[in-house]
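Architecture at a glance
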Amino acid sequence: MKKYIFLIGGCLLATPSSADTLDFAMGKALFDRPWTSAPAATQATDGLGPLFNARSCLACHPKSGRGVIDRAENGQLSGRGYVIRIGNEKGEDDPVYGHQLQTNAIHGFKGEAKVFYEDGYYKLTELTYGEMAEDSKFAGRLSQPLYGLGLLDRISDETLLALADPDDKNKDGISGRVNMVDGKIGRFAWKATAPTLEIQAANAFSNDIGMSTPVHPQHYGDCTKAQQDCRQGPSGASPQFENLEIDSQMLHLVTTYLKGLKPPAPTTLKDDGLFTSTGCAACHIPVLTTSDGRKVQAYTDLLLHNMGDALADGIREGDASGREWRTQPLWGTRDTKLFLHDGRAKSVEEAISFHGGEAQSAKERFYNLSKGAKTKLLAFINSL
Ligand code: HEC
Ligand code: HEC
């Protein structure tokens, strides 16, 4: 019996209106599913870890929105809502801890560290496998909202390449670049490291949950050669699932779910052109068109920009340097509580205050707006 049939027995009884609806429902069940460690009573739900951040996609993406940072009284974080990315300016992972810190573990194993959080700053204690390499840096990454991603997926490569201006030929001070990942244009995650939703979902299964997929077939996720105990830990792979924990059909279903998540309804407010005249629209492009002609009001160009010192994390991922970030879509801002890649800003205005590099002059124009214009622009952005 396949894992996903187990999961939503109830849903199968409801007559779906189309195959897509059924795939969406099955994908949602897999997205919501808390995974357990192998061997479980049924192979349907096992394969977690050995090291992991959270047991389900849902734990970090509640209501398909962005993460809420789950913080105890003493400032310690659970594994939900964020991750700690590790790397260096050369694009190398840490030789011991790998690409990401996994702070939780199945029975008999220990998470890689404890994480504490205060006003956007992440602090690590009790590193289980000793110090990180001297040039390794770590940085928080807040989980991103997932609505509307199916539309961003359908914006053509040609559109993105036409928007890119790597050498700033038009001399407007803004030089968006694409992140090329294995010959494909990256568009998902804070540094546009994933070219497709399927790859992003597989990255999440591997790094965040410790589960293998056709994209990352190792059952131990992000564990390195220096972590042999983890590498030799239990595996939930079985022949009926292509010797994986998440087989290709399950990965396809989760991707179908992601593609089906609707974008937020467009705002009804007008900004009197302020968003463009202030320079925000140079990167947060209000409308893009999908390859099948649909208008997408996401307020992004999906390109990488040098955002200056305040936002730099010193971690290269693919072509994206330690100073570069993908323009975060602004749709859904009306529901956003924590802003920027590590969740350090609590409002739109605070998020703007960290903009530098290519966005420096837009930030200055924002500060020079009259009080009335500033209020109007902020109300507009907060209504997106
Ligand atoms: C431990 C928390 C955590 C879990 C569990 C998790 N995510 Fe995420 N998710 C994140 C973070 C953090 C990011 C941003 C990652 C980055 O930029 O490196 C992200 C980004 C994404 C994105 C990219 C969104 C965008 O705008 O580009 C998608 C899609 C996604 N996750 C899907 C999933 C799926 C599917 C699962 C389950 C297989 C999952 N996530 C599990 C934390 C999590
Ligand atoms: C040069 C390109 C660029 C310009 C110009 C720019 N931004 Fe951004 N913006 C970005 C990037 C890249 C990010 C993501 C940075 C990060 O998370 O570290 C971002 C993030 C944001 C966020 C946080 C979004 C979130 O959900 O976390 C807000 C709000 C924002 N920008 C508003 C504005 C406003 C308002 C203006 C005009 C005053 C502006 N930006 C101008 C590139 C730009």
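This text gives an overview of the structure that appears in the document. Not measured: the values here are computed from a predicted model.

Take the overall build of the chain next. Along the chain, the regular secondary structure elements total 13 helices and 13 strands. The C-alpha radius of gyration of the chain comes to 21 Å, within 12% of the 21 Å expected for a compact globule of 384 residues. Principal axes of the C-alpha set define a box for the chain whose edges measure 65 × 55 × 45 Å. At a minimum sequence separation of 6, the contacts of the chain that also span at least 24 residues come to 66%. Carbon and sulfur atoms form 54% of the exposed surface of the chain, whose accessible area is close to 17200 Å². With 42 positive and 47 negative side-chain charges, the chain shows a separation of 5 Å between the mean positions of the two kinds.

If you walk through the whole model with that rule in mind, you get 15 salt bridges. Between Lys90 and Asp135 there is a salt bridge, with the nearest N and O atoms lying 4.0 Å from each other. One end of the pair, Lys90, is in the loop between strand E2 (82-87) and strand E3 (100-101); the other, Asp135, is in the loop between strand E6 (121-125) and strand E7 (137-142), and 45 residues separate them in sequence. Overall, the relative accessible area of 59% leaves Lys90 in the exposed class. Judged by relative accessible area, which is 34%, Asp135 ranks as partly exposed. Linked through salt bridges whose partners overlap, the residues forming this network are Arg85, Arg141, Lys191, Asp313 and Glu317.

Before going further, it helps to spend a moment on the coordination of the iron atom of ligand 2. Six octahedral donors around a metal ideally subtend angles of 90 or 180 degrees, whereas four tetrahedral donors ideally subtend 109.5 degrees. The coordination sphere of the iron atom of ligand 2, as far as protein atoms go, consists of His284 (NE2) and His355 (NE2), spread over 2.0 to 2.1 Å. Residue class for His284 comes out buried when judged on its relative accessible area of 13%. Given a relative accessible area of 18%, His355 falls into the buried group.

Looking now at the coordination of the iron atom of ligand 1. Coordination of the iron atom of ligand 1 by the protein involves just one donor, His61 (NE2), at a distance of 2.0 Å. For His61, the location among the structural elements is in the loop between helix H4 (57-60) and E2.

It is worth spelling out the site of ligand 2 at this point. For ligand 2, the set of nearby residues contains 25 residues, the closest of which are Cys280, Cys283, His284, His341 and His355. Within the contact set of ligand 2, an oxygen atom lies 2.7 Å away from a side-chain nitrogen or oxygen of Arg66. Every element with two or more residues in the shell around ligand 2 is listed here: strand E13 (324-326) and helix H11 (348-353). It is H11 that contributes the most residues to the shell around ligand 2, three residues altogether. Looking at the shell around ligand 2, its residues break down into 15 nonpolar, seven polar and three charged.

Per the stated rule, a full pass over the model turns up one disulfide. There is a disulfide in this structure between Cys223 and Cys230, and the S-S distance comes to 2.0 Å. With the S-S bond torsion at 80°, the cross-link from Cys223 to Cys230 turns out right-handed. The residues Cys223 and Cys230 share a single accessibility class, namely buried.

Quick look at helix H13 (residues 371-382) now. The end-to-end C-alpha separation of H13 is 16 Å, in line with the 16 Å expected for twelve residues at 1.5 Å each. Every buried residue of H13 is accounted for by Ala373, Lys374, Leu377, Leu378, Phe380 and Ile381. Along H13, the residues classed as buried sweep out an arc of 160° about the axis, all on the same side. Along its buried surface, H13 packs onto helix H10 (274-277), H11 and helix H12 (360-367).

Criteria and thresholds
In this convention, every chain numbers its residues from 1, walking through the sequence in written order. Key to labels: chains lettered from A, ligands numbered from 1, both in the order written. Reporting of local features is limited, given that this is a predicted model, to residues whose pLDDT is at least 70; pairs of side-chain atoms are given and counted only at 80 or more, and all residues count toward the totals for whole chains, interfaces and linings. Computation of side-chain values: all heavy atoms of the structure, hydrogens and water removed. The numbering of helices and of strands both runs from the N terminus, where a helix is a DSSP run of H or I of at least 4 residues and a strand a run of E of at least 2. C-alpha atoms define the radius of gyration in this analysis, and the globule rule sets the expected value at 2.2 Å times the number of residues to the power 0.38. Throughout, a contact is declared for two residues whenever any of their heavy atoms are within 4.5 Å. Values of accessible area rely on a 1.4 Å probe in the Shrake-Rupley scheme; residue burial ignores everything except the protein chains shown. Here the positive residues are Lys and Arg and the negative ones are Asp and Glu; neither His nor the chain ends is included. Here the site of a charge means NZ on Lys, CZ on Arg, CG on Asp, or CD on Glu. Think of a salt bridge as a Lys or Arg side-chain nitrogen and an Asp or Glu carboxyl oxygen that are within 4 Å of each other. A 1.4 Å probe rolled over the protein chains alone gives each residue an accessible area, and that area as a share of the maximum for its type sets the label: buried under 20%, exposed over 50%, partly exposed in between. Coordinating donors are taken to be N, O and S atoms lying within 2.8 Å of the metal, or within 3.2 Å when the metal is Na, K or Ca; because water is excluded from the atom set, some sites may appear incomplete. Distances are taken per atom, and a residue is near a molecule or strand as soon as one of its heavy atoms is within 4 Å of it. In protein, a polar contact requires one atom able to donate a hydrogen and another able to accept it; more generally it is a pair of N or O atoms within 3.5 Å, and residues adjacent in sequence count only if both atoms are side-chain atoms. Three classes are used, and their members are as follows: Ala, Val, Leu, Ile, Met, Phe, Trp, Tyr, Cys and Pro are nonpolar, Asp, Glu, Lys and Arg are charged, and the others, Gly among them, are polar. Counting rule for disulfides: a pair of cysteine sulfur atoms within 2.5 Å. Working rule for helices: expected span equals 1.5 Å times residues minus one. The arc in question is traced by the directions running from the helix axis to the C-beta atoms.

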